[in-house]
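Structural overview for review
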Amino acid sequence: MALLRARARLAALPLIQLRPRGRMSAFADGSSLCSPRLRILPPQGGKGSLLRLAWSILLLLAILSSPAHAVELTGHLTQGGLVTGRAQPGDKVLLGDRALLVGEDGLFVFGFGRDQGQSAQLTIVHPDGTTEQQMIAVAQRSFDIQRIDNMEQAKVTPNPADLARIKAEQEKVNEVRGVPTPARDFLVPFIWPAHGPISGVYGSQRILNGEPRAPHYGLDIAAPEGSPVVAPAPGMVRLVASDFFLTGGTVIIDHGFGVQSSFIHMKALTAKVGTYVQQGEVIGHVGKTGRATGPHLHWGMTWLDVRLDPAFWVPPQQAQN
Ligand SMILES: [Zn+2]
């Protein structure tokens, strides 16, 4: 049903014609499209959440209309979603004004942030100079409010020295997020980096000790302190920091094309900058370092500076013994 809504919604846009393929299917039953990594986590928050999720997540394999050059898109055309596409070799591809990395085979990737508007413009420039522009409809989600009241006040309202430290640490993160690499490790199906109850979801508006703060851009997995944290997919370790002010023990892994995963509040980090980790390799352990009220892993996914929803990357959690 979600799929039908998606198709209807997209079809209503004047610049798009969809030519669904036989493989096209909704994800509600956990089935995959051509890319099995893009699955959704079951809703964590009851019926309202279920309806919102069902309504907001569009899963499709589509061909944007073009008589000569079909562009195939796969993924989640919604806030927090990642989309992969395949243009013709030699094409240039832009999302809005942003030029995308295009692989030799035409592969490209883009993501939508939490506050992405209802549409985005994709531009394909062919080697002969001809240009096509397509509008993409982006499903809008609604996000919960999460209140956390027992947080150390100095971490909620940092003093000027701590603010300067936070800024310097953020710059280190920005440095490793800026440039996409041609690696394709993000194409493998991801596994959970840790196991445990989900204690925080992507996009929630945060109210810390009664004060509104930035939204929550990741998935919190509550697990006992010291539990291993593993790489959810192979990749190059780009940042390891043991004591960032807000994020504590922090590791960032680069999976290529601008797609990176980050793991924070950890302790006993084992990942090393500049090394390549395999999927399932231990990178650190669950802690409560930085701004955390208890042991948990905060897992974030990004495409360049765009924060994505990690729940789209993994199948439902399996019961652990
Ligand atoms: Zn978190």
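Note that this is a predicted model, so its numbers are computed, not measured. (Residues numbered from 1 in each chain as written. Predicted model: local features only at pLDDT ≥ 70, side-chain atom pairs only at ≥ 80, totals over all residues.)

Topic: the environment of Val 306
Of note, Val 306 is situated in strand β21 (residues 306-308). In the structure, Val 306 is positioned 195 residues away from Gly 111 in sequence and 6.6 Å away in space, judged by C-alpha atoms. (Helix = DSSP H or I, 4+ residues; strand = E, 2+ residues; numbered from the N terminus.)

Focus: the pairing of strand β8 (residues 131-137)
Where strand β7 (residues 119-125) lies against β8, seven bridges are found, and the strand directions are antiparallel. In the strand pairing of β8, Val 125 is matched with Thr 131. (Pairing = 2+ DSSP bridges.)

Quick word on helix α4 (residues 160-177)
Here α4 spans 26 Å end to end across 18 residues, near enough to the 26 Å set by a 1.5 Å rise per residue. The buried fraction of α4 is low, at one of 18 residues. (Expected span 1.5 Å × (residues − 1). Buried ≥ 20, exposed ≤ 12 C-beta atoms within 10 Å, placed from the backbone.)

Overview of the sheet that holds strand β12 (residues 211-213)
What the three strands build is an open sheet, ordered β9-β11-β12; its pairing is mixed. Whereas interior strands pair on both sides, the edge strands pair on one side only; in this sheet they are β9 (145-148) and β12. The sheet shows a mean angle of 30° between the axes of neighbouring strands, taken without regard to direction. Sheet topology note: the strand β11 (residues 205-208)/β12 ladder contains three bridges and is antiparallel. Of the residues in β12, the one forming a bridge with Arg 206 is Arg 213. (Axes fitted to C-alpha atoms, helices over the stretch in contact; angles between N-to-C directions.)

Focus: the sheet that holds strand β4 (residues 92-95)
Reading across from one edge, β5-β4-β7-β8 is the order of the four strands in this open sheet, with antiparallel pairing throughout. Each edge of the sheet is formed by a strand with only one pairing partner; in this case those strands are β5 (98-99) and β8. Across two bridges, β4 lies against β5 in antiparallel orientation. If you follow Leu 95 over to β5, its bridge partner there is Arg 98.

Focus on the environment of Gly 290
By secondary structure assignment, the location of Gly 290 is in the loop between β19 (282-286) and β20 (296-303). Setting aside its immediate chain neighbours within four residues, Gly 290 contacts Phe 244, Phe 245, Leu 246, Thr 247, Gly 248, Ile 264 and His 265. (Contact = placed C-beta atoms within 7 Å.)

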